[in-house]
Structures are given as C-alpha cells and as structure tokens.
Amino acid sequence: MADRSELAAFLKARRNRLTPSDVGLPAGLNRRAPGLRRQEVAQLAGISVDYYIRMEQARGSKPSRQVLAALARALMLTVDEREFLYRIAGEQPPATAGPNRTVPQEIRTILDNLAAPAYVVDATYEVLAWNRAAAPFLGDLDTVPSHERNMVRWMFREAADHPQWSDADTRDFARAIIADLRAAYARYPGHPALSALVTELLGTSRRFADMWGAHEVEVRRTHRKRIRHPDLGPLDFHCQLLHISDTDQRLIVYCATPHTRTASVFQSLAAAAEG
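Residues numbered from 1 in each chain as written. Predicted model: local features only at pLDDT ≥ 70, side-chain atom pairs only at ≥ 80, totals over all residues. Heavy atoms only, no water.

Caption draft 1: Inspection of the pattern of salt bridges at higher detail. This model, assessed by the stated rule, comprises 17 salt bridges. With a closest N to O distance of 2.9 Å, Arg226 and Asp169 form a salt bridge. Pair noted here: Arg226 is in strand S3 (residues 223-229) and Asp169 is in helix H9 (residues 168-187), with a separation of 57 residues, a long-range link. A cluster of three or more residues bridged by salt bridges with shared partners is formed by Arg14, Arg17 and Glu81. (Salt bridge = Lys/Arg side-chain N within 4 Å of Asp/Glu carboxyl O. Helix = DSSP H or I, 4+ residues; strand = E, 2+ residues; numbered from the N terminus.)

See below:
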C-alpha cells in the first residue's frame with residue numbers, strides 16, 4: 001500500500017536538499033526558499049507540474065514505476081533513497097544492476113593504513129583491492145587477470161580429496177561463502193558474471209554443487225581461521241568482515257588476538273610493507 005503522506009514529505013525534503021546548480025539549472029532571480037522549485041523537479045522528471053504538485057500534497061493517482069524512476073533521477077537519490085521511494089509508493093524496488101566493482105578511495109585509504117592483512121571483495125568474491133600485508137595469503141595478484149581473482153573459484157578448484165577439505169574450519173568457511181554467494185544471487189538476478197560463475201562451479205565441483213544444493217542463505221559475517229602457512233607457520237585469527245553499504249562490497253580484515261604468535265607475524269608483515 002502506498003503511503004501518500006510519507007511520499008509527499010519525502011519528495012519535499014529531497015527537493016529542498018538540492019540547488020539548481022546541483023542539477024545543471026540556472027539559479028534565476030527571486031528565489032526565496034532553499035532547494036528546487038516544484039516546476040523544476042517536474043521539468044527534470046518529464047512530468048506535468050500539476051501532477052507533481054498533487055503528489056507533494058498527498059493526493060492524486062498513485063505514481064507509476066516509470067514516474068518513480070524519473071523522480072529518483074531528478075532528485076539524485078542514492079540507492080537506499082530510491083528503494084525507500086519505491087516502497088512508500090507501494091512498489092517493489094527495481095533490482096540493482098550488478099555487483100559494484102569500483103572501490104571507493106576512502107576504503108583504499110583504510111586498506112593502506114591497516115596494520116593487518118586486509119582486502120576488499122565484491123558480492124561475487126572477486127578480490128578488488130588489497131594491502132601489502134595480505135600478499136602472503138593472496139599471492140601476487142598484480143600478475144593475475146582480474147577474472148581469475150575470485151576466492152570461490154580458488155577454493156572449489158581443489159579436488160574433492162585435497163587435504164584442505166579434511167579441515168572442519170575450511171568446510172565451515174566454504175559453506176559460509178556459498179550461503180553468502182546465494183544471497184548475492186538473489187540480489188542480482190540474471191547477472192551474467194554471477195550466473196556464469198555458479199554454472200561453471202556446478203559443472204566442475206561436486207562439493208560446490210552439494211553445498212549450493214543445500215540452499216543455505218546467509219550474509220557472511222566474522223569467521224575464525226586456523227591455517228598452517230607454508231612460509232609463516234601456524235596462524236590462528238578471525239576474518240572480520242565489514243560490509244560497505246554503498247557498494248555492497250566486503251572489507252575483510254585478519255584480526256589476531258593481541259600478544260599471540262599470529263599477532264607478532266601480522267606486525268612483522270605490516271612493518272615489512274611499510275619498509
């Protein structure tokens with residue numbers, strides 16, 4: 001059901017947030033109130049002024065999906081605001097086009113300043129950015145084509161009898177990734193790259209097919225890892241996973257308990273990266 005009062009208040013608030021220069025319009029004269037005028041929003045959205053005024057007055061017919069899309073563009077709404085607009089208008093929000101692969105500069109700065117191995121993946125688990133301390137765990141990704149930097153593909157390329165699958169933590173980690181990947185599969189229906197990845201692994205990995213067939217769905221959270229690194233030895237740490245809401249990416253940080261051997265190893269990696 002549409003909430004006309006909430007829709008009216010939201011449109012007015014978003015209109016008042018913008019200035020003519022924000023949307024490429026001249027400022028003009030005799031502008032007494034902040035924000036855009038109603039006729040300017042109508043012009044930008046390609047709808048009649050009377051129709052827009054009725055929406056801001058909580059009357060008139062329910063706006064169509066085409067009108068909502070035009071208003072979202074005209075008012076320069078964020079992804080979250082667009083979703084809210086559709087819902088208060090009584091419509092299902094449109095699906096997001098696909099996983100975002102552009103890492104914000106602020107996240108890259110955080111990566112570079114972290115004194116622990118850390119990297120960023122998109123919703124399909126393609127590694128998009130990493131710091132130097134993460135190199136011993138990810139390898140030299142600068143020499144790897146971008147389409148080969150996928151953590152799910154790395155994990156399930158290993159044969160069913162590979163020693164990694166005898167470890168309970170590894171199996172739990174794999175199940176968590178698959179459950180998160182299935183959640184992404186629902187968020188981005190029909191996305192070519194994601195569909196191709198799932199189809200490929202269904203055909204090449206029986207273990208993936210079994211886990212995928214369990215239909216577990218869960219956005220991934222923190223996970224403990226205990227590994228024996230070929231160069232660094234035994235390590236025990238938590239993968240702290242932070243969701244980047246604007247891009248639906250994940251910042252994964254390896255966090256060790258202070259004053260442990262693993263913490264000392266991470267400190268050495270950070271020092272070597274700075275050097």
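Caption draft 2: Looking closely at unusual backbone geometry. We note that Ala58 has phi near 60°; this positive angle belongs to a residue other than glycine. Its location among the elements puts Ala58 in the loop between helix H3 (49-56) and helix H4 (65-74). Positive phi, close to 60°, is recorded for His215, a residue that is not glycine. Checked against the element boundaries, His215 lands in the loop between helix H11 (206-213) and S3.

Caption draft 3: Focus on the packing of H4 against helix H5 (residues 79-88). At a minimum axis separation of 10 Å, H4 and H5 run at an interaxial angle of 150°. When the axis of H4 is compared with that of H5, the two are roughly antiparallel. In terms of crossing hand, the pair formed by H4 and H5 is right-handed. Here H4 contributes Arg65, Leu68, Ala69, Leu71 and Ala72 to the contact with H5, which in turn contributes Arg82, Leu85 and Tyr86. (Axes fitted to C-alpha atoms, helices over the stretch in contact; angles between N-to-C directions. Parallel < 35°, antiparallel > 145°, perpendicular 65-115°, else oblique. Left-handed = near helix turned anticlockwise from the far one by under 90°. Contact = heavy atoms within 4.5 Å.)

Caption draft 4: Broad picture of the packing of helix H2 (residues 38-45) against H4. Interhelical geometry of H2 versus H4 gives an angle of 115° and a closest axis separation of 8 Å. As H2 packs across H4, the resulting crossing turns out to be right-handed. Contact residues: H2 offers Val41, Leu44 and Ala45, while H4 offers Ala70, Leu71 and Ala74.

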